[in-house]
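# Coordinate analysis (summary)
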Amino acid sequence: MNTLTPLTPAPVANPAIRPELSDALRTAVAEKAAAAQQHLSAAVREFGSGVVFANSLGAEDVVLTDLIHRAHLPIAAFLLDTGRLPAETYTLLAELEARYHVRLALYFPAAASVEAYVREHGINAFHESVELRKACCQVRKLEPLARALDGKRAWITGLRAAQSSTRSALAAREHDPVHHLVKFNPLAEWSETEVWAYIRAHDVPYNALHEQRYPSIGCTPCTRAITRGEDIRAGRWWWEDATTKECGLHARKN
Ligand code: SF4
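Residues numbered from 1 in each chain as written. Predicted model: local features only at pLDDT ≥ 70, side-chain atom pairs only at ≥ 80, totals over all residues. Heavy atoms only, no water.

With that settled, the discussion passes to the nonpolar core. Core analysis: the largest hydrophobic core is formed by 42 residues, its most contacted members being L67, W190 and I199. When sequence neighbours within four positions are dropped, the list of residues in contact with L67 reads A33, A36, Q37, L40, L187 and Y198. Membership of the second largest hydrophobic core comes to ten residues, among which are V52, L145, L149 and L181. (Core = buried A, V, L, I, M, F, W, Y, C linked by side-chain atoms within 4.5 Å. Buried < 20%, exposed > 50% of the residue type's maximum accessible area, 1.4 Å probe, protein only. Contact = heavy atoms within 4.5 Å.)

The full count for this structure, using the stated rule, is ten salt bridges. As a salt-bridge pair, R160 and E60 come within 2.9 Å of each other at their nearest N and O atoms. Note that R160 is positioned in the loop between β4 (154-156) and β5 (173-176) and E60 in helix α2 (residues 59-70), a separation of 100 residues in sequence. E60 matches R160 in its accessibility class, with the two residues each being buried. (Salt bridge = Lys/Arg side-chain N within 4 Å of Asp/Glu carboxyl O. Helix = DSSP H or I, 4+ residues; strand = E, 2+ residues; numbered from the N terminus.)

So, about the packing of helix α4 (residues 111-121) against helix α5 (residues 130-149). At their nearest, the axes of α4 and α5 sit 9 Å apart, and the two run at 160° to each other. Considered as vectors, α4 and α5 are oriented roughly antiparallel to each other. Of the two elements, α4 crosses α5, and the hand of that crossing is left-handed. Residues S113, V114, Y117, V118 and H121 of α4 form the contact with α5, whose own contacting residues are L132, A135, C136, V139 and R140. (Axes fitted to C-alpha atoms, helices over the stretch in contact; angles between N-to-C directions. Parallel < 35°, antiparallel > 145°, perpendicular 65-115°, else oblique. Left-handed = near helix turned anticlockwise from the far one by under 90°.)

Glancing now at the side chain of R236. When you line up the elements, R236 lands in the segment after α6 (192-201). Accessibility expressed as a relative area gives 8% for R236, which makes it buried. Here S216 takes part through its side chain, which lies 2.7 Å from a polar atom of the side chain of R236. (Polar contact = N/O pair within 3.5 Å; in protein donor to acceptor, adjacent residues only side chain to side chain.)

Near the ligand, the surroundings consist of F126, R133, C136, C137, R140, K141, C219, C222 and W237. Here the residues of the shell around the ligand sort into six nonpolar, no polar and three charged. (Near = heavy atom within 4 Å. Nonpolar A, V, L, I, M, F, W, Y, C, P; charged D, E, K, R; others polar.)

This part covers the packing of aromatic side chains. Under the counting rule described, the total for this entry stands at five aromatic pairs. Ring centres of F47 and F184 lie 6.1 Å apart, and the angle between their planes is 70°; this geometry places the pair in the edge-to-face category. Taken together, the positions of F47 in helix α1 (residues 23-47) and F184 in strand β6 (residues 181-184) put the pair 137 residues apart, joining distant regions of the chain. The class of F47 is buried, set by a relative accessible area of 9%. The exposure class of F184 is buried, given its relative accessible area of 2%. Ring geometry for F78 versus Y107: centroids 5.8 Å apart, planes at 85°, classification edge-to-face. Linking F78 in strand β2 (residues 76-80) with Y107 in strand β3 (residues 105-107), this pair joins segments that are 29 residues apart in sequence. On the accessibility criterion, F78 (3% relative accessible area) is buried. Judged by relative accessible area, which is 23%, Y107 ranks as partly exposed. Sitting over the ring of W237, R133 keeps its end group 4.6 Å from the ring centre. Sitting over the face of the ring of W237, R236 holds its NZ or CZ atom 4.8 Å from the ring centroid. (Phe/Tyr/Trp six-rings, centres within 6.5 Å; stacked < 30°, edge-to-face > 60°. Lys NZ or Arg CZ within 6 Å of the ring centre and 35° of its normal.)

Here the focus is α1. Helix length check: α1 (25 residues) gives 36 Å between terminal C-alpha atoms against 36 Å at 1.5 Å per residue, within 8%. Buried residues of α1: L25, V29, A33, A36, L40, A43, V44 and F47, and no others. Buried residues belonging to α1 abut β1 (51-54), α2, β4, β5, β6 and α6. Positive backbone phi, approximately 55°, marks G48, located one or two places after α1. (Expected span 1.5 Å × (residues − 1).)

On to the sheet that holds β3. Here six strands make up an open sheet; going across it, the order is β3-β2-β1-β4-β6-β5 and the pairing mixed. Looking at strand neighbours, the two that pair on one side only are β3 and β5, the edges of this open sheet. Put simply, the sheet's adjacent strands are angled 30° from each other on average, direction ignored. Pairing geometry for β1 and β4, over three bridges, is parallel. Counted as the bridge partner of F53 is I156 from β4. (Pairing = 2+ DSSP bridges.)

Even without a glycine there, the phi angle at H101 is positive, about 55°. Among the secondary structure elements, H101 is positioned in the loop between α3 (87-100) and β3. Judged by its relative accessible area of 69%, H101 is exposed. For H180, which is not glycine, the phi torsion reads 60° and is therefore positive. With respect to the secondary-structure elements, H180 resides in the loop between β5 and β6.

The structure is reproduced here in structure tokens:
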């Protein structure tokens, strides 16, 4: 079998992305935004141009984009373009670049590596086993990530502790033992509601797929909409066991 079609009901509006902006929520988000900007400023003070923002264009990443812009912080951003991203993600990329007058550095997989993988395994082989899925992520994400981080001393991500059980111990600042860099996760303690409250309060552009119950968006063939009550990362590599559902970008050594 070389293709896998997600079995999900027709997408419906996701109420989580339109929280009621109460005064209490606005205040909580403003405080967290100030704290996040302190982490971002500290990263620039300590590492200068040696810090880079891994912007995957998720809801958290558009919040960080806006925070960086508002604080006039000189932090360059990059996007890993796997070649299998949804059209909506490219639309958002263009929208963000126009809104914030920035250009993201796009890192593509090595053409020869993709050609070799597809020739040997097939165009959608990642659906066949965890090993083949990880091999695809290695070619399309991890190798380009290593190039994007080469020569850097620190990186910034939009990870949140509440996103999954594998991220529950996340700190706002931590050591990345895989890339041997400092890793800043300024939104580590934010809730999904707070992320969306910030987006609404500041009218930040976001991926249209979020309107169709895609809380977490990656490559098209490896992402589906979630159903009511499902975990927010249930739509990523949905055919796999929950314990394997990381692509390796944020691997931790134990
Ligand atoms: S998420 Fe899917 S398509 Fe994207 S790199 Fe990983 S296995 Fe390949």
